[in-house]
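The lines below spell out each chain.
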Amino acid sequence: NAEYGEATEKLCLYEKAKAEADEKKNIRPAKIRVPVQKQKGFWLFQSKELPSLGDLNGAQKHGFLLRRSTWLRFWEKFRFVLSGQSLFYFDPLDQTQAKEEIIIVGSKVEKIDRANSFFIMGPKHGAIYLQADSERELEEWIIAIKKAIN
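Summary of the structure given here. All residue numbers refer to position in the chain's written sequence, counted from 1. It should be noted that, the model being predicted, local features are given only for residues of pLDDT at least 70 and side-chain atom pairs only at 80 or more, the latter also being counted only at that level, while totals for whole chains, interfaces and linings use all residues. In computing side-chain properties, one takes all heavy atoms of the structure into account and sets aside hydrogens as well as water.

## Quick look at the pairing of strand β7 (residues 108-111)
Alright, step 1. Two strands pair under a simple rule: DSSP has to find at least two bridges between them. Helix and strand assignments come from DSSP, with helices taken as H or I runs of at least 4 residues and strands as E runs of at least 2, each series counted from the N terminus. Pairing of β7 with strand β8 (residues 117-122), which is carried by 4 bridges, proceeds in the antiparallel orientation. Residue pairing across strands places Glu110 opposite Phe119, the latter belonging to β8.
Alright, step 2. As consecutive antiparallel partners, β7 and β8 are separated by 5 residues, and within that stretch Asn116 has a phi angle of approximately 55°, a positive value.

## What to know about the side chain of Ser117
Alright, step 1. Along the chain, Ser117 falls in strand β8.
Alright, step 2. Beyond its immediate chain neighbours, meaning those up to four positions away, Ser117 contacts Lys111, Ile112, Leu130, Gln131 and Leu138. Whether two residues are in contact is decided by their heavy atoms: any pair within 4.5 Å suffices.

## Focus on the packing of aromatic side chains
Alright, step 1. A pair of Phe, Tyr and Trp rings is counted when the ring centres sit within 6.5 Å of each other, with Trp represented by its six-membered ring. The angle between the planes then sorts it: under 30 degrees is stacked, over 60 is edge-to-face, the rest tilted. Summed over all chains, the structure comprises 3 aromatic pairs.
Alright, step 2. For the pair Phe80 and Tyr89, a centre-to-centre distance of 5.4 Å together with 35° between the ring planes defines the contact as tilted. The pair formed by Phe80 and Tyr89 is uniform in burial state, with each residue classed as buried.
Alright, step 3. Seen from their ring centres, Phe119 and Tyr129 are 5.8 Å apart, and the 40° between their planes marks the pair as tilted. You can see Phe119 sitting in strand β8 and its partner Tyr129 sitting in strand β9 (residues 126-131), a full 10 residues away along the chain.
Alright, step 4. Here the term buried applies to any residue with accessible area under 20% of the maximum for its type, exposed to any over 50%, and partly exposed to those in between, with areas from a 1.4 Å probe on protein chains only. Judged by relative accessible area, which is 23%, Tyr129 ranks as partly exposed.
Alright, step 5. Each member of the aromatic cluster is reached from another via a ring pair, and the members are Phe78, Phe80 and Tyr89.
Alright, step 6. Against the face of Phe64 rests Lys77, its NZ or CZ located 5.3 Å from the ring centre. Only when the NZ atom of a Lys or the CZ atom of an Arg is both within 6 Å of the ring centre and within 35 degrees of the ring normal do we say a charge sits over the ring.

## A few points about a nonpolar patch on the surface
Alright, step 1. A cluster of nonpolar side chains, namely Trp71, Leu72 and Phe74, defines an oily patch on the protein surface of about 410 Å² accessible area.
Alright, step 2. By the element assignment, Trp71 lies in the loop between β3 (61-68) and β4 (75-83). A patch consists of residues exposed above 30% relative accessible area that lack any salt bridge, with like charges linked at up to 9 Å and nonpolar side chains (Val, Leu, Ile, Met, Phe, Trp, Tyr) linked at up to 5 Å. Throughout, the Shrake-Rupley method with a 1.4 Å probe supplies accessible areas, and for residues the shown protein chains are the sole cover considered. Here a salt bridge means any side-chain nitrogen of Lys or Arg lying within 4 Å of a carboxyl oxygen belonging to Asp or Glu.

## What about the pairing of β3?
Alright, step 1. What you see with β3 is a clean split: Lys61, Gly63, Leu65 and Arg67 sit on the buried side and His62, Phe64, Leu66 and Arg68 on the side with no burial.
Alright, step 2. For β3 and β4, the ladder comprises 8 bridges, and the chain directions are antiparallel. In the strand pairing of β4, His62 is matched with Val81.
Alright, step 3. Between β3 and β4, which pair antiparallel one after the other, the connecting turn spans 6 residues, and Arg73 there sits at a positive phi close to 60°.
Alright, step 4. The sheet contact formed by β3 and β9 spans 2 bridges and is antiparallel.

Any functional reading would require information beyond the geometric quantities listed.
Structure, rendered in structure tokens:
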């Protein structure tokens, strides 16, 4: 079981690295593989299609935020859409399909010591650092995300 868990973890890391390499080459997959259920000590995977911007009607909040990259820690601008208990982000130039879905169930949202910035700490995605254009927009995002979590 421990070996299988390590293999599953390596598969997740491989898929993430492949997605990042494809992103650099401007190859956008229509589907991603996500772990959906743990059975007898291992994860089952299935493909999940990310929505387009037009599919997210009735979103609680949307707008542009800066997101800090995990590895290089530089800040990039993306369009974010909060829909249900998911936060989707889109490339500002190509908004045809979401780049990623961030499940915010069980997450914690807090301001940080950077102007108009906050982070979302979740059980599945770790810390995601975001920055709004203004203090008012920062407060709106924090309130909307906290409502979606509860």
